[in-house]
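# Tertiary structure, described
Spelled out, the chains give:
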Amino acid sequence: MNHYAMADDTGRILQVAQTSYTYVLAQEGVSDTTHYLENGEIRQKKALAIDMSLDGLIVTFDGLVYGLTVTTNGTETKTDNQPLVIEYDLPGTYSIRFSGHVRYLDHEMEVTVG
């Protein structure tokens with residue numbers, strides 16, 4: 001368990017906290033949606049590489065990183081080391097959201113099938 005003291009500019013301790021989290025001094029502009037922590041260093045999240053193919057009502061994604069949450073048309077799944085195949089029931093335009101990976105930016109896209 002880590003112990004932290006919060007102090008004002010005069011050095012007066014205002015609060016002491018005990019937590020299992022790690023606190024790291026961050027520059028302005030750092031946020032949890034755009035950055036992550038690795039080995040004590042704040043790093044910028046990367047954009048996802050999306051390799052997609054369409055075949056009728058079927059959308060296939062190859063090479064997605066392991067552990068992404070993919071949401072579309074009211075369903076949700078996690079990526080593994082296999083191609084992700086999404087089959088829609090009807091032609092149309094659908095939104096697909098990729099999220100939840102600590103090292104990659106969330107991404108949302110539309111795909112038109114049929």
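What you see is a predicted model, and the numbers here were worked out from it, not measured in a lab.

## A few points about the pairing of strand E4 (residues 41-44)
Regular strands have side chains that alternate between both faces of the sheet. With 4 bridges joining them, strand E3 (residues 35-38) and E4 adopt antiparallel strand pairing. When the sheet's bridge partners are listed, Glu38 is paired in E4 with Glu41. Taking the residues that link successive antiparallel strands as the turn, the E3-E4 hairpin has 2 residues, and the phi of Asn39 there is positive, at about 50°.

## Overview of the side chain of Thr19
Structurally, Thr19 is set in strand E2 (residues 13-19). Only 3.1 Å separates the side chain of Thr19 from the backbone nitrogen of Tyr21, close enough to count as a polar contact. In this structure Thr19 touches Met1, Asn2 and Tyr4, once residues within four positions along its chain are discounted.

## Some remarks on the nonpolar core
Membership of the largest hydrophobic core comes to 16 residues, with the highest contact counts inside it found for Phe61, Ile86, Tyr88, Ile96, Phe98 and Val111. Mapped by element, the contributors of at least two residues to this core are strand E6 (58-62), strand E9 (84-87), strand E10 (92-99) and strand E11 (107-113). Not counting residues within four places of it along the chain, the set of residues in contact with Phe98 comprises Leu48, Ile50, Phe61, Leu64, Leu68, Thr69, Val70, Asp106, His107 and Met109.

Rules used in this analysis
Residues numbered from 1 in each chain as written. Predicted model: local features only at pLDDT ≥ 70, side-chain atom pairs only at ≥ 80, totals over all residues. Heavy atoms only, no water. Pairing = 2+ DSSP bridges. Helix = DSSP H or I, 4+ residues; strand = E, 2+ residues; numbered from the N terminus. Polar contact = N/O pair within 3.5 Å; in protein donor to acceptor, adjacent residues only side chain to side chain. Contact = heavy atoms within 4.5 Å. Core = buried A, V, L, I, M, F, W, Y, C linked by side-chain atoms within 4.5 Å. Buried < 20%, exposed > 50% of the residue type's maximum accessible area, 1.4 Å probe, protein only.

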